[in-house]
Amino acid sequence: MSRPTIDHRGPEFQAMAHRLLEEMKLVFRTEHPVLIYPSSATGAWEAAITNLLSPGDGVLVFNQGFFSERWAEVAERFGLQVQLKPWDSRRGLTADAVMEALHSDQGHNVKAVLVVHNETSTGVTSDIAAIGDALRASKNSALLMVDAVSSLGATDFRHDEWGVNVTVTGSQKGLMLPPGLSFVALSPKALTASESAELPNSYWRWQDHLEFNEKGFFPYTPATNLFFGLDEALSMLREEGFPEVLERHARLAGAARAAVSAWGLESYPLDPAESSDALTTVMMPDGVDADEVRRIVLERFDMSLGTGLGMLKGRIFRIGHLGDFNTLSLMGTLAGVEMGLVSAGVPVNTEGVSAAMAFLLSENKVDELES
Ligand SMILES: *Cc1c(COP(=O)(O)O)cnc(C)c1O
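Residues numbered from 1 in each chain as written. Predicted model: local features only at pLDDT ≥ 70, side-chain atom pairs only at ≥ 80, totals over all residues. Heavy atoms only, no water.

## What to know about the sheet that holds strand β8 (residues 166–170)
To keep it simple, the criterion reads: Pairing between two strands is assigned when DSSP locates at least 2 bridges connecting them. Per the convention used, a helix needs a DSSP run of H or I reaching at least four residues, while a strand needs a run of E reaching at least two, with both numbered from the N terminus. Whenever a helix is involved, its axis is fitted only over the stretch in contact; in every case the axis is a line through C-alpha atoms, and angles between N-to-C directions fall within 0 to 180 degrees. It only takes one pair of heavy atoms within 4.5 Å for two residues to be counted as in contact.
An order of β1-β9-β8-β7-β4-β2-β3 is seen for the seven strands of this open sheet, with the pairing classed as mixed. Strands at the two margins of the open sheet, each flanked by one partner only, are β1 (34–37) and β3 (81–85). Taken over all neighbouring pairs, the strand axes of this sheet differ in orientation by 20 degrees on average, direction set aside. Relative to β3, strand β2 (residues 58–62) runs parallel, the two sharing five bridges. By the bridge assignment for β3, L60 is matched with Q83. Packed onto the sheet, helix α1 (residues 11–28) meets β1, β8 and β9 (182–186) and runs at close to 110 degrees relative to β1. Lying on the sheet, helix α5 (residues 128–138) is in contact with β4 (110–116) and β7 (143–147); it crosses β7 at an angle near 170 degrees.

Here you go:
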């Protein structure tokens, strides 16, 4: 990425852009266009909303946690009629809940359902396949928009097969890059809807991107050097093999959960089957400030744990294990957490690290070839 920037209207860039736009389709598991913006993922949220909806349209969102609330807020700021439904954020969103809310929408005002695949603030993953199937079976015309910011590249995700109309992600999570790029995967239904949507937009306009992308270019200066990084990130995913990448995330997440229960602590998701492969959320016993534990771990071991966001501030900390991460990076991380918990005086059994190790050694879970 520190190579000199090349001409983004020249042939070298053009060849790279064609390649990256094609390869991103494989990551999203789609045959339809993927767009790349020079923005954080929040920009891609706005792109999805402004390209597909019109003033007064209804939007259905469940309060899965901090990120679903933020996305709902973006929709609200554009004057849409947002129904933000309460939800038990310790559980994955269900297709039944979505369909029930749509059935009670008598005027058929809901034009889009916004769902976060992996809610990074809670560590809970929702079953997008089930929600997509239910929506298609019901013949309800609402568009399914999915935030896969912290799941793409860490958890199985299938844009076409699951019937998703728009999927958004960012560069700095499973794609292993610095922040600065966002991505939007479209479906044919989304492309059609974008032709009649009436919310104003300019920078985010899909039509401009599609026209330029077809020729290997962008409507304005792209983040060229992040593209160099994306090229390498995609090579890394290809070299390891996409199924192997997902399997690695699942294995490391299993080991992290084994550590949490051996410490005698609770993870925020109630059902381990819905617990994220990208991160593990650890609840603190009453009276313990999770941010104080984080402060101690940062000060003593120079390791940053994720803070509790929104209503979970101070109650949980988050252990990230996604992207360019392997068995030893996880074991180092867990050792830092265990020492930090002890240093902070949190009552725990000091058996988390060994439980994670036992988990990884069982059933040959440590891949001999892991590099
Ligand atoms: C990180 C994250 C975002 C926000 O991404 P930004 O790049 O900070 O705009 C949105 N949704 C989820 C689920 C995330 O994890």
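## With respect to the pattern of salt bridges
Let me state the cut-off plainly: The rule for a salt bridge is simple: a side-chain nitrogen of Lys or Arg has to be within 4 Å of a carboxyl oxygen of Asp or Glu.
If you walk through the whole model with that rule in mind, you get 16 salt bridges. With its nearest N and O atoms 2.6 Å apart, the salt bridge here joins E23 to R238. Taken as a pair, E23 in helix α1 and R238 in helix α8 (residues 224–240) lie far apart in primary sequence, 215 residues in all. Taking the shortest distance from any N to any O, the salt bridge between E266 and R90 comes out at 2.7 Å.

## Points about the environment of Q14
Threshold: Throughout this description, buried means an accessible area under 20% of the type-specific maximum (1.4 Å probe, protein chains only), exposed means over 50%, and partly exposed covers the range between.
Mapped onto the elements, Q14 comes out in helix α1. Here Q14 falls in the partly exposed class, since its relative accessible area comes to 26%. If sequence neighbours within four positions are ignored, Q14 has contacts with K215, G216 and F217.

## With respect to the packing of aromatic side chains
Here the distance between the centres and the angle between the planes together describe a pair of aromatic rings. As a reminder, the rule being used: Only Phe, Tyr and Trp rings take part, Trp by its six-membered ring, and two of them pair if their centres are within 6.5 Å. Stacked means planes under 30 degrees apart, edge-to-face means over 60, and tilted covers everything else.
Summed over all chains, the structure comprises ten aromatic pairs. Where Y37 meets W204, the ring centres are 4.9 Å apart and the plane angle is 75 degrees; that geometry is what we call edge-to-face. Of this pair, Y37 sits in strand β1 while W204 sits in the loop between α6 (188–196) and α7 (206–213), and the two are 167 residues apart along the sequence. Note on W204: relative accessible area 12%, which makes it buried. Taking 5.0 Å as the distance between ring centres and 90 degrees as the angle between the ring planes, the aromatic pair formed by Y203 and W204 counts as edge-to-face. Using a relative accessible area of 36% as the deciding quantity, one classes Y203 as partly exposed.

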